[in-house]
Structures are given as structure tokens and as C-alpha cells.
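# Commentary on secondary and tertiary structure
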Amino acid sequence: MLRTICSFLFVVIAWCTVEPIDAIAQQENNPPVVKILDPINKSSYDLNSQMRYRIKVSDKEDGESEYDEIAGNEVFLEVRYLLDAAKVSMLSKIDPKGLELMKKSNCFNCHAFNGKLIAPSFTEIGKRYPQNASNIERLAKRVLEGSTGVWGSASMPTHPELSVQESRDIISWILENAQNPDLNYYTGTEGSIKLKSRDGSVQKGAFMLSATYSDHGAKNSSKQSLTTKDVILLYVK
Ligand code: HEC
């Protein structure tokens, strides 16, 4: 009898402990896998070489980039020139707040970091507005409320999903980084990049390529979004 009661209790306890774990497992979000396939890590190139890049993204919930299940404009590639390749280990592994917010918003659909799309590039915006408190306030307000007629006839939509502080964080990041000639951003799982440095006379150094993808969380709840970054290094010949 005691044995029966004990085994009954054991089953009840086992059921009680297993059930919640199971429920959590169902909502769990798996991190994406991001891999730069081309170019090859630690290979050497001449400065100013133009090359194709390819990034593979696999996410248990969102799908596979190979099957076009990942939106190209949600995959980012940062190309950063470093005079000293050893500095790579000193760079932060996570994106600064402003950049992270921009990647999760729709900014890069219309603005290129440096290049022509329907909106002015962030490099052009950085050139026009020096980094100071009044420009940060002015532009943060424009991003929230939308803008038209400053650069041409195309308009920027409002961004009610951003808070005032988030908009300020974004603008601070743009005004601080967008004019850095050693930095560039590309969107898409494949494309073409050029290995440029600030100073054309310098013939050494390395390029750090970092690919990121932020997933859509479990059941499309972006609150649980997870980001993966893959980093490779290319040396200047
Ligand atoms: C649908 C396209 C579109 C999207 C999405 C978009 N922009 Fe814009 N943005 C524009 C256009 C077009 C202009 C130029 C508007 C003008 O001439 O007043 C602009 C202008 C700007 C300016 C300069 C404003 C000024 O007064 O000079 C900033 C800064 C800016 N955008 C940042 C952002 C940020 C940050 C995001 C994402 C949160 C974003 N944009 C999303 C199209 C877009």
C-alpha cells in the first residue's frame, strides 16, 4: 500500500515539475545562427578591392535565408577599417543602443549609411548637422514627427513607436558615427563591398566585417528578440 502511495506521489511530483518546464519550452525562442560565408575569415586583400559578400542566416522560428524566409533588410553587415588589427578584441561585441534601435526600426529601408537611396544618406545628414545638443533635439523631433521639404520632395513618415529618448539615442549615434570614413553598413544577405580606408596612403591594417540578425522572438513577439553577430577579419596585403 505504502509503495502504491509513494509511486502515486512520485508520478504527481514528476508531472508537476515537468509540466511547467514543458510550457516554457513551447514559448522558448532559439537564437539565430549567422555566418559570413564569403569572404573567408583571415584572408588577405589589396586596399580598394571590390568583393562579393554572402551571409547565411538560420533561425528555428523565422526560417532560412537560403529559402528566402529571412527579410534581406533585416540582415546587416558592418565593415570597419582598423589600422591595427589587434584592436579588434577591444571593440564591443554588442551594438550601441542607437544603432540597435535603428536596425530594429525601418530607417535602413530608405536611408543608406553612405550612398543614395530615396532618403539622404546618414553620412550626408552628419555633414549637414554637426554633433551638438540642439541638432540632436531638432532631428530627434523630426524622426518622431516625420519630415518633408528639408532635402527634397520625398517625405519621412512619423515614428510613433519610438520614445523621445530612443529617438535622441538614434540621432546621437548617427551624428557621432555617420561621418566616420572607416565605417560602412550594408543591408542584405549578399552584395558587393569595397575595402576602403580613411587615408589612401596607408597600406596596412585590417577590415572587421560583422554580420548581425535580430530574430522576431517566439510567436512573432519582438520583445523576446535575440541577436547574433558573426565577425571575421580581412587583412590588407
Ligand atoms: C519611408 C522612408 C523613410 C524611413 C523609413 C525613414 N526615413 Fe528618415 N528621411 C526620409 C526622407 C525622404 C527624408 C528627407 C525629408 C525632408 O526632406 O524633409 C528623411 C530625413 C531624415 C533625417 C534628416 C531630417 C532633417 O530635418 O534634415 C533624419 C535624421 C532621418 N531621416 C532619420 C531617420 C531615422 C533615424 C529613421 C528610422 C527610425 C528614418 N529616418 C526612417 C525617409 C525615411
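Residues numbered from 1 in each chain as written. Predicted model: local features only at pLDDT ≥ 70, side-chain atom pairs only at ≥ 80, totals over all residues. Heavy atoms only, no water.

To continue, consider the side chain of lysine 103. Tracing the chain through its elements places lysine 103 in helix α2 (residues 97-104). When residues no more than four places from it in sequence are discounted, the contact partners of lysine 103 are Phe76, Asp95 and Thr212. (Helix = DSSP H or I, 4+ residues; strand = E, 2+ residues; numbered from the N terminus. Contact = heavy atoms within 4.5 Å.)

According to the stated counting rule, one finds seven aromatic pairs in the structure shown. Judged by centre distance (6.1 Å) and plane angle (55 degrees), the ring pair of phenylalanine 113 and tryptophan 173 falls under tilted. With phenylalanine 113 in the loop between α3 (107-110) and α4 (122-128) and tryptophan 173 in helix α6 (residues 164-177), the pair connects residues that are 60 residues apart, well separated along the chain. When sorted by exposure, phenylalanine 113 lands in the same class as tryptophan 173, which is buried. (Phe/Tyr/Trp six-rings, centres within 6.5 Å; stacked < 30°, edge-to-face > 60°. Buried < 20%, exposed > 50% of the residue type's maximum accessible area, 1.4 Å probe, protein only.)

Attention now moves to the confidence of the model for the protein. With 86% of its residues at a pLDDT of at least 70, the protein reaches an overall mean of 88. Low pLDDT, under 50, characterises residues 11-25; the predicted model gives this stretch one contact beyond four residues in sequence or across chains. (pLDDT = per-residue confidence, 0-100.)

As a further point, take the coordination of the iron atom of the ligand. For a metal bound by four donors in a tetrahedral arrangement, the ideal donor-metal-donor angle is 109.5 degrees, while six donors in an octahedral arrangement ideally sit at 90 or 180 degrees. Binding of the iron atom of the ligand to the protein goes through His111 (NE2) and Met156 (SD), at separations of 2.0 to 2.2 Å. Coordination at the iron atom of the ligand is octahedral: its six donor atoms span angles of 84 to 178 degrees at the metal. Pair noted here: histidine 111 is in the loop between α3 and α4 and methionine 156 is in strand β7 (residues 155-156), with a separation of 45 residues, a long-range link. Taking relative accessible area as the criterion, histidine 111 reaches 10% and is therefore assigned buried. (Donors = N, O, S within 2.8 Å, 3.2 Å for Na, K, Ca; no water. Tetrahedral: all angles 85-135°; square planar, octahedral: opposite > 155°, others 65-115°.)

Evaluation of the coordinates by the stated rule reveals seven salt bridges. Here aspartate 95 ties to lysine 103 by a salt bridge, and the two come within 2.8 Å at their closest N and O atoms. The class for aspartate 95 is buried, based on a relative accessible area of 15%. Between glutamate 137 and arginine 168 there is a salt bridge, with its nearest N and O atoms 2.6 Å apart. Placement of the pair is glutamate 137 in helix α5 (residues 133-145) and arginine 168 in helix α6, with a sequence separation of 31 residues. (Salt bridge = Lys/Arg side-chain N within 4 Å of Asp/Glu carboxyl O.)

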